[in-house]
Amino acid sequence: MKIIIVNGPNLNLLGEREPEVYGSETLNEINEWIKNHDICRDIELEFFQSNSEGAIIDFIHSKRKEVQYLVINPGALTHYSYALRDAIVGTEMKAVEVHLSDIHDRENFRKISVIKSICLTQIFGEGKQGYIKAIQHILEQE
Ligand code: DQA
């Protein structure tokens, strides 16, 4: 089984970006931690991050024949990107939406997700553990 793990804009700055909100670990450290997690032992993972909406959509398109499952932290694209939503629907990926922070306990604009209703579930406020919960959720679908 293969899962792609996609992180959107500004998540490349994890570790230095608002550490009081997002923690002190870098994205590479989090990805390594995910890769080495026991739950991933029989799963092939591929990681992708971009600050560009188009590059993320192109990446999802490029995987559509090969991969069925997507774990995505879309960053701020969450709140407005109908193009990302259409890409997930159009490729028939089964997606889990993840946020490190509790988007429901921050500014009002963060409470809105335009992809939530087309995802299997939304996980928020659990830091890096959220990615593992997302993978666990996918495994339970199989
Ligand atoms: C985020 C929450 C978003 O509102 C924000 O724009 C991010 C990160 C999170 O992981 O908590 O870039 O997706």
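Everything below is about the structure shown above.
What comes next concerns the included structure. Remember, predicted model here, so these are calculated numbers, not experimental data. (Residues numbered from 1 in each chain as written. Predicted model: local features only at pLDDT ≥ 70, side-chain atom pairs only at ≥ 80, totals over all residues. Heavy atoms only, no water.)

A word on unusual backbone geometry
Phi at Asn-10 is positive, roughly 75 degrees, even though this residue is not glycine. As for its position among the elements, Asn-10 is in the loop between β1 (2–7) and α1 (19–22). In this structure, Glu-18 is a non-glycine residue whose phi angle is positive, near 35 degrees. The residue Glu-18 is located in the loop between β1 and α1 in this model. (Helix = DSSP H or I, 4+ residues; strand = E, 2+ residues; numbered from the N terminus.)

Structural notes on the site of the ligand
Contacts to the ligand come from Pro-9, Arg-17, Tyr-22, Asn-73, Gly-75, Ala-76, His-79, His-99, Leu-100, Ser-101, Ile-103 and Arg-110. Interatomic distance of 2.8 Å between a side-chain N/O atom of His-99 and an oxygen atom of the ligand. Protein chains bury 98% of the 320 Å² of accessible surface belonging to the ligand in isolation. Among the residues making up the shell around the ligand, the classes are represented as five nonpolar, five polar and two charged. (Near = heavy atom within 4 Å. Polar contact = N/O pair within 3.5 Å; in protein donor to acceptor, adjacent residues only side chain to side chain. Areas by Shrake-Rupley, 256 points an atom, 1.4 Å probe, with all protein chains shown as cover. Nonpolar A, V, L, I, M, F, W, Y, C, P; charged D, E, K, R; others polar.)

What about the nonpolar core?
Counting 23 residues, the largest nonpolar core has Ile-3, Ile-5, Ile-34, Leu-45, Val-71, Tyr-131 and Ile-135 as its most contacted members. Where this core is concerned, the elements lending two or more residues are β1, α2 (27–35), β3 (69–73), β4 (94–99) and α5 (129–141). Sort the elements by how many residues they give to this core and α5 lands first, with five residues. Look past the residues within four positions of Ile-3 in its chain and what remains in contact with it is Ile-43, Glu-44, Leu-45, Glu-46, Val-67, Tyr-69, Val-71, Ile-135 and Ile-138. Core analysis: the next-biggest nonpolar cluster, separate from the first, contains 16 residues, Leu-70, Leu-84, Ile-88 and Cys-119 among them. (Core = buried A, V, L, I, M, F, W, Y, C linked by side-chain atoms within 4.5 Å. Buried < 20%, exposed > 50% of the residue type's maximum accessible area, 1.4 Å probe, protein only. Contact = heavy atoms within 4.5 Å.)

Observations regarding the pattern of salt bridges
Scanning all chains against the criterion turns up twelve salt bridges. Two residues, Glu-44 and Lys-2, come together in a salt bridge whose shortest N-O distance is 3.6 Å. Taken together, the residues Glu-44 in strand β2 (residues 44–49) and Lys-2 in strand β1 connect sequence positions 42 residues apart. For Arg-110, the salt bridge identified is with Glu-107, shortest N-O distance 2.7 Å. Beyond isolated ion pairs, a larger network of salt bridges with shared partners links Lys-2, Glu-44, Glu-46, Lys-63 and Glu-66. (Salt bridge = Lys/Arg side-chain N within 4 Å of Asp/Glu carboxyl O.)

Some words on the packing of helix α3 (residues 53–62) against helix α4 (residues 82–91)
One way to put it is that α3 packs onto α4 with a least axis distance of 10 Å and a crossing angle of 5 degrees. Put simply, α3 runs roughly parallel to α4. Between α3, through Glu-53, Ile-56, Ile-57, Ile-60 and His-61, and α4, the contact on the second element is made entirely by Ala-83, Leu-84, Ala-87 and Thr-91. In terms of residue class, the contact of α3 with α4 is made up of six nonpolar, two polar and one charged. (Axes fitted to C-alpha atoms, helices over the stretch in contact; angles between N-to-C directions. Parallel < 35°, antiparallel > 145°, perpendicular 65-115°, else oblique.)

Brief notes about α2
Those residues of α2 lying buried are Leu-27, Ile-30, Asn-31 and Ile-34. Buried residues of α2, seen end-on, are gathered within an arc of 100 degrees and therefore sit on one face of the element. On its buried side, α2 packs onto β1, β2 and α5. (Arc of directions from axis to C-beta.)

Bear in mind that shape data such as this cannot, by itself, settle questions of function.
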